[in-house]
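# Understanding the architecture of this molecule
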Amino acid sequence: MDTTQTTTTPVPPLNLAANFGQVRDEVLAELTAICESGYYVLGPKVVAFEEALSAYCGCNHALGVSSGTDALLLAMMTLGIGRGDEVIVPTFTFFATAGCVARLGARPVFCDIDPETYNLDVGQVEEKLTTRTKAVIPVHLYGQIADMRPLLNAVNRHGVAVIEDAAQAIGARESGPEGKMAGAIGTFGCISFYPTKNLGAIGDAGALLTNDAKLHEKATKLRLHGETSRYRHTLVGGNFRIDPLQAAILTIKLKRLDQWNEQRRRHAARYGELLEQAGMVPEHVRLPREINGTHVYHQYVVRVARRDDLFKHMQERKIGVGIYYPIPLHLQECFAYLGHKPGDFPHAEKAADEVLGLPMYPELTETQQDAVVEAIAAFYRR
Ligand SMILES: *Cc1c(COP(=O)(O)O)cnc(C)c1O
């Protein structure tokens, strides 16, 4: 172990309080107004946010819900997915993507990823389609949109729905003049406003996007126990409500989202330059690539040699790195009943062993970025 280490700048994994500082006065005014209004669930603030969000994403309808997870669940409930159905999901993603499928009694059918984008491999999706396939859930991992056009071409003619897991990608746009925003491309788009996401609430919140008026209407009912009028239920839904405080905060922050995403993109470009200047690329560190449209860098994820040792080294220097995600879902204990084994999805398994997320948020400073890169260089030089 290197005992001569010099003191480095600690770099926190997040800086949510600094982000709040930018909207403090507006948020506190709304908080006071909402508390005094006595109106604490759904209501006009939620409707205003839904309108602002659908306008921003360029889709017809947005429904505010309780979390990104619940947006996924609600999308599948609205499509009537359940026992006997199959839903194709990438194995390399956050747990919720597949967890929601299993919670409804349907079968998650895993597919491997494209090792360059970490997003689902459309060729494998085609191989896994059966007569039981009801939906595919592409995940726009780390903030880069999955390869949507070939995916839509592959599944549309089979009547299979596409539910975008856009939890990490709000504000990302497909390339080209016809390019759409993440979440507005498929049958449904699911957004998370978990505090660490690019647009973060101060608690749990999410949204369900769609261009289809009928699906939107059904999802709206399911958000409130399938109520059509007071105490009259035509469907079995749940409580997937968002509260006006989260909606008001998100409305304020949405106005700044493009600016914050642009800052993330600048930090990403600078990480790349610094890592190259330090002689880390490509021998020790492989940089993320922007392939499908605008990457909004929810995470800045590099691939590295001796990842676990580097992870420890960075933690010792108080640099907030993260591993997204260390275990692909086909190898999770709760999915053992699906009968998978190591080697089934080699690209995902390799990524799980090699990825490392560097600190990434709009407020990240140049000094902090320098410290991150110096710490990486120190590890490989010793
Ligand atoms: C965060 C996230 C979710 C779940 O969102 P919550 O709001 O935390 O429930 C789902 N999928 C992906 C890819 C995510 O990153």
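Note that the coordinates shown come from a computational prediction; the quantities given were computed from them, not determined experimentally.

### Some points on helix α7 (residues 148-156)
Here α7 has its buried residues at M148, L151, L152, A154 and V155. One side of α7 carries all its buried residues, which in axial view fall inside an arc of 165 degrees. Along its buried surface, α7 packs onto α6 (122-128), β4 (133-136) and β5 (161-165).

### Brief notes about the layout of surface pockets
One number sums up the size of the largest pocket: a volume of about 720 Å³. If you go around the largest pocket, you meet 45 residues; those closest to its centre are Y194, T196, K197, H298 and Q299. Every element with two or more residues in the lining of the largest pocket is listed here: α1 (16-21), α4 (68-78), α5 (96-103), α10 (257-277) and β12 (355-358). Of the residues forming the lining of the largest pocket, the biggest block, 3 residues, is contributed by α4. Among the domains, domain 1 (21-111 + 119-254) and domain 2 (257-381) are the pair contributing at least three residues each to the lining of the largest pocket. Residue lining of the second largest pocket: 15 residues in total, with D147, R149, E174, S175 and N292 positioned closest to the centre. By residue class, the composition of the lining of the second largest pocket is 6 nonpolar, 5 polar and 4 charged. Both domains that meet at the lining of the second largest pocket, namely domain 1 (21-111 + 119-254) and domain 2 (257-381), each give it at least three residues.

### Comments concerning the pairing of strand β3 (residues 107-111)
Most of β3 is tucked away: 4 of the 5 residues are buried. Pairing geometry for strand β2 (residues 86-90) and β3, over 5 bridges, is parallel. Pairing of I88 across the sheet is with V109, part of β3. Crossover handedness for the path β2 to α5 to β3: right-handed.

### Overview of the sheet that holds β5
Spatially, the 7 strands line up as an open sheet ordered β1-β7-β6-β5-β4-β2-β3, and their pairing is mixed. Only two strands of the sheet have a single neighbouring strand rather than two, namely β1 (61-65) and β3. Within this sheet the neighbouring strands show an average axis-to-axis angle of 25 degrees, counted without direction. Bridging between β1 and strand β7 (residues 206-210) involves 5 bridges; their strand directions are antiparallel. Paired with L63 across the two strands is L208, which belongs to β7. The sheet contacts of α7 involve β4 and β5, and relative to β5 the element is tilted by about 155 degrees.

### Points about the domain arrangement of the protein chain
Under the domain assignment used here, the protein chain contains domain 1 (21-111 + 119-254) and domain 2 (257-381). On a C-alpha basis, the centres of domain 1 and domain 2 stand 26 Å from each other. Domain 1 puts 38 residues into the contact, and the matching count from domain 2 is 34 residues. Counting the surface lost from both domain 1 and domain 2, the interface buries some 3,000 Å², and carbon and sulfur atoms represent 59% of this.

### Brief notes about the pattern of salt bridges
Summed over all chains, the structure comprises 21 salt bridges. Between R270 and E366 there is a salt bridge; the shortest N-O distance is 3.7 Å. In this pair, R270 is assigned in helix α10 and E366 in helix α13 (residues 366-381), connecting sequence segments 96 residues apart. Judged by relative accessible area, which is 18%, R270 ranks as buried. Taken together, the salt bridges that share partners define one network made up of E26, K255 and R256.

### Describing the packing of α4 against helix α8 (residues 213-223)
Where α4 meets α8, the closest approach of the two axes is 9 Å, and the angle between their N-to-C directions is 120 degrees. Classified by the angle their axes make, α4 and α8 are oblique. Where α4 crosses over α8, the two elements pack in a sense that is right-handed. Contacts from L74, M77 and T78 in α4 reach L215, K218, A219, L222 and R223 in α8. When grouped by side-chain class, the residues that make up the contact of α4 with α8 number 5 nonpolar, 1 polar and 2 charged.

### Overview of the site of the ligand
Around the ligand, the surrounding shell holds 14 residues, and the nearest of these are T69, D165, Q168, S192 and K197. T69 has a polar side-chain atom sitting 2.5 Å from an oxygen atom of the ligand. In this structure, an oxygen atom belonging to the ligand sits 2.6 Å away from a side-chain N or O atom of S192. With the chains in place, 93% of the 380 Å² that the ligand exposes on its own is no longer accessible. Elements represented by at least two residues in the shell around the ligand include exactly α4 and α5. Class assignment of the residues belonging to the shell around the ligand gives a composition of 5 nonpolar, 7 polar and 2 charged.

Reading guide: rules and limits
- Residues numbered from 1 in each chain as written.
- Predicted model: local features only at pLDDT ≥ 70, side-chain atom pairs only at ≥ 80, totals over all residues.
- Heavy atoms only, no water.
- Buried < 20%, exposed > 50% of the residue type's maximum accessible area, 1.4 Å probe, protein only.
- Helix = DSSP H or I, 4+ residues; strand = E, 2+ residues; numbered from the N terminus.
- Arc of directions from axis to C-beta.
- Contact = heavy atoms within 4.5 Å.
- 1 Å grid on protein atoms, 1.4 Å probe; cavity = no way out; pocket = protein on both sides within 12 Å on 5 of 7 lines; lining within 4 Å.
- Points joined across faces, edges and corners; volume = space filled by probe spheres on them.
- Domains from an automatic or database assignment.
- Nonpolar A, V, L, I, M, F, W, Y, C, P; charged D, E, K, R; others polar.
- Pairing = 2+ DSSP bridges.
- Right-handed = clockwise from strand over helix to strand, strands pointing away.
- Axes fitted to C-alpha atoms, helices over the stretch in contact; angles between N-to-C directions.
- Buried area = accessible area lost by both parts, 1.4 Å probe.
- Salt bridge = Lys/Arg side-chain N within 4 Å of Asp/Glu carboxyl O.
- Parallel < 35°, antiparallel > 145°, perpendicular 65-115°, else oblique.
- Left-handed = near helix turned anticlockwise from the far one by under 90°.
- Near = heavy atom within 4 Å.
- Polar contact = N/O pair within 3.5 Å; in protein donor to acceptor, adjacent residues only side chain to side chain.
- Areas by Shrake-Rupley, 256 points an atom, 1.4 Å probe, with all protein chains shown as cover.

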